[in-house]
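Here is how the chains run, residue by residue.
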Amino acid sequence: MGQSLFFIYFIYGLAFFGMGLAMAMESWRAASLAEVRVLHPLAGFGIIHGTHEWLESYLLQAGSLGTPLPGWLPWLKLGLLVTSFISLAWFAFQSLRSVPRPMPTGLRHGIIALAVFIVFILASYNITSINDQIEFQVLLDVMARYLLAVPASTLAALGLLYTARYAYRSNQAISKWLIGTAIGFGLYATTHIVVHPMAAFPSSLINTVSFLDVMGFPIQLVRTVAAIIITVCLLRATQQTEEARRNELFLAQQARLAALEEQQALRRELLQHTVHAQEDERARIARELHDETAQTLSAFTLELAALKDEKYRKPETKQIVERLQALSHDMSQGLYRLVHDLRPAQLDDLGLVPALRFLIDQDLRPRGVDITFEVIGSTRRLDPLMETVLFRVGQEALSNLVRHAQTREGSMQVIYAQNDVALRVSDRGCGFDPTENFRPPHGWGLAGMKERVEAVGGVLNVHSAPGEGTLIEARVPTNEEEST
């Protein structure tokens, strides 16, 4: 029996010690202060009580071998027992704090019954009748179980039961394991009514000796079963809690991603609206300049021509008129370039490819910049916004080539694929580091291209390195009707 009891104590201590470590680790990951307040005393109970049971097994083994023991060791064992039950009582108190108010009727009746039980125990035992130290230690052991273990375990079971009831709606799996833990604590509370035999009732009738005689196995075996039930159910509840926590985190992340996607969609819509508004305003200004200012300037030029042809005009006056005609011609050319830069008529009337060809032929080749232009795929008209975005990207890319690439040669490709259109502008110039320059204020042009392309759901890629040239590629999706 001694060897079997030693093994039971070892398993008993192992179950509670493992439970205590698990609850201590869980308290570090607790999401709220309320969880920490509950888990800390439970972890303390498990670790301390597991240590007590291992010490109990050691004392049992040492006693069977006749090993002399120091006198303070039984007091240490008793101190561990009392401390563990105090931690359990604190856990029960924290568990009851989580029960919503007003307190349920069943819980109030349970507390009243425990109070009556405590008063009865205190009235039944007389400490003045104790004559020696060993009997005093036995009395303290009995009182610790009656006055601490039984009330604390019972209240913990009641608190867990009501917590499980309120948790049932949100998570049935956790509720199920909390009920299992409450059953384990209820069984554990019952086992502590069986104590060391003493002269006073109820330990004179219900004690470890009478239990062994009736049942044929020690009460410690039942306590071990209760400890295993508590530990397994708590670990499963912890796993379910962690899973619920991960699900909540996943849902929170999904909600955040959805909010970011919505924000990105709003941002793209705003950028599209901005591009539309900008291009419309440019077109309006270009029309006004062409229809009003250009016509007025043309009329002014004709009047000058008529004035020049008048007979008998003085030579001095004729020279002034000729200079005014030259200035009027320069103003007309500047106005034409301004109208073209604001909104090229070729883009609206003929489409992307003719507008880009005109840009290269009229703006770059006269300045000595040689740009090879190539179209790959079947040319077709795109959505006006898409054509505008690609044209502006090409315009800005060619402008950057002239100003920064330190080369007079480059190439441009327009690639028509089935689901998208790509514009590529490349050169073999000095190049740059995109990670350093693709940020305002030094990279406003690149940033503007990127914003325009992303506003229509496209992608802008910039490939460059110092001394290796630059490739700018804008790729936008096509969702328009095709036409040749």
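Heads up: the structure comes first, above all this text.
Computed from a prediction, not measured in an experiment: that's the story for all the values here. (Residues numbered from 1 in each chain as written. Predicted model: local features only at pLDDT ≥ 70, side-chain atom pairs only at ≥ 80, totals over all residues. Heavy atoms only, no water.)

A. Region of interest: the packing of aromatic side chains. As enumerated under the stated definition, the model contains 13 aromatic pairs in all. A centroid spacing of 6.0 Å and a plane angle of 35° characterise the contact between F91 and F185, whose relative ring orientation is tilted. Residue F91 is located in helix α3 (residues 72-97), and its partner F185 is located in helix α6 (residues 172-191); the two are separated by 94 residues in the primary sequence. On the accessibility criterion, F185 (0% relative accessible area) is buried. Their ring planes at 50° and their centres at 6.1 Å tell us that Y125 and Y146 sit as a pair that is tilted. (Phe/Tyr/Trp six-rings, centres within 6.5 Å; stacked < 30°, edge-to-face > 60°. Helix = DSSP H or I, 4+ residues; strand = E, 2+ residues; numbered from the N terminus. Buried < 20%, exposed > 50% of the residue type's maximum accessible area, 1.4 Å probe, protein only.)

B. Quick look at the environment of M412. Among the secondary structure elements, M412 is positioned in strand β2 (residues 409-416). When neighbours within four sequence positions are excluded, M412 is seen to be in contact with L356, I360, I371, T372, F373, E374, G394, L398, L423, R424 and V425. (Contact = heavy atoms within 4.5 Å.)

C. The arrangement of α6 in detail. End to end, α6 covers 29 Å across 20 residues, agreeing with the expected 28 Å (1.5 Å per residue, within 8%). Inspection of α6 places I174, S175, W177, L178, G180, T181, A182, G184, F185, Y188, A189 and T191 among the buried residues, and these make up the whole buried set. (Expected span 1.5 Å × (residues − 1).)

D. Geometry of the nonpolar core. F16, M23, L42, F45, F185 and Y188 are the most contacted members of the largest nonpolar core, which totals 46 residues. Counting only elements with at least two residues in this core, the list comes to α1 (2-28), α2 (33-65), α3, α4 (105-124), α5 (133-167), α6 and α8 (219-308). Not counting chain neighbours up to four residues away, the residues in contact with Y188 comprise Y12, F16, F45, H49, F85, L88, S153, R223, A226 and I230. Counting residues in hydrophobic clusters, the runner-up holds 38 residues, among them M386, V393, A397 and L423. (Core = buried A, V, L, I, M, F, W, Y, C linked by side-chain atoms within 4.5 Å.)

E. Quick peek at the packing of helix α12 (residues 384-404) against helix α14 (residues 444-455). In the contact formed by α12 and α14, the axes pass within 10 Å of each other and the chain directions differ by 165°. When the axis of α12 is compared with that of α14, the two are roughly antiparallel. Helix-helix and strand crossings are classified by hand; for α12 and α14 the assignment is left-handed. Counted together, V389, R392, V393, E396, A397 and N400 of α12 and G445, L446, M449, R452 and V453 of α14 form the full contact between these two elements. (Axes fitted to C-alpha atoms, helices over the stretch in contact; angles between N-to-C directions. Parallel < 35°, antiparallel > 145°, perpendicular 65-115°, else oblique. Left-handed = near helix turned anticlockwise from the far one by under 90°.)

F. Representation of the pairing of strand β1 (residues 370-376) in the model. In terms of strand pairing, β1 meets β2 through seven bridges, oriented parallel. In the sheet register, E374 faces β2, and the bridge partner there is Q413. For the crossover from β1 across α12 to β2, the handedness is left-handed. (Pairing = 2+ DSSP bridges. Right-handed = clockwise from strand over helix to strand, strands pointing away.)

G. Quick look at a nonpolar patch on the surface. Together, F120, F201, L205 and I206 line one region of the surface with nonpolar side chains, adding up to about 370 Å² of accessible area. Following the sequence through the fold, F201 ends up in the loop between α6 and α7 (208-215). Look at F201 and you get partly exposed, because its relative accessible area is 42%. (Patch = residues over 30% accessible without salt bridge, like charges linked within 9 Å, V, L, I, M, F, W, Y side chains within 5 Å. Areas by Shrake-Rupley, 256 points an atom, 1.4 Å probe, with all protein chains shown as cover. Salt bridge = Lys/Arg side-chain N within 4 Å of Asp/Glu carboxyl O.)

H. Broad picture of the sheet that holds β2. Taken together, the five strands give an open sheet; going across it, the order is β1-β2-β3-β5-β4, and neighbouring strands pair in mixed fashion. Two strands lie at the open edges of the sheet, namely β1 and β4 (459-464), each paired on one side alone. Going from strand to strand, the sheet's axes swing by 10° on average, the running direction of each strand aside. Here β4 pairs with strand β5 (residues 470-477) via six bridges, running antiparallel. Opposite H463, over in β5, you have L471 as the bridge partner.

I. Layout of the pairing of β5. Inspection of the sheet shows strand β3 (residues 420-427) paired to β5 by eight bridges, in the antiparallel sense. For S426, the partnering residue across the bridge sits in β5 and is L471. Between the antiparallel neighbours β4 and β5 lie five residues, among them G467 with a positive phi of about 80°.

J. Spatial organisation of unusual backbone geometry. Between F201 and the following residue, P202, the backbone shows a cis peptide bond with an omega angle of 10°. With respect to the helices and strands, P202 occurs in the loop between α6 and α7. Phi is positive for Q406, close to 55°, though the residue is something other than glycine. By relative accessible area, Q406 is classed as exposed at 70%.

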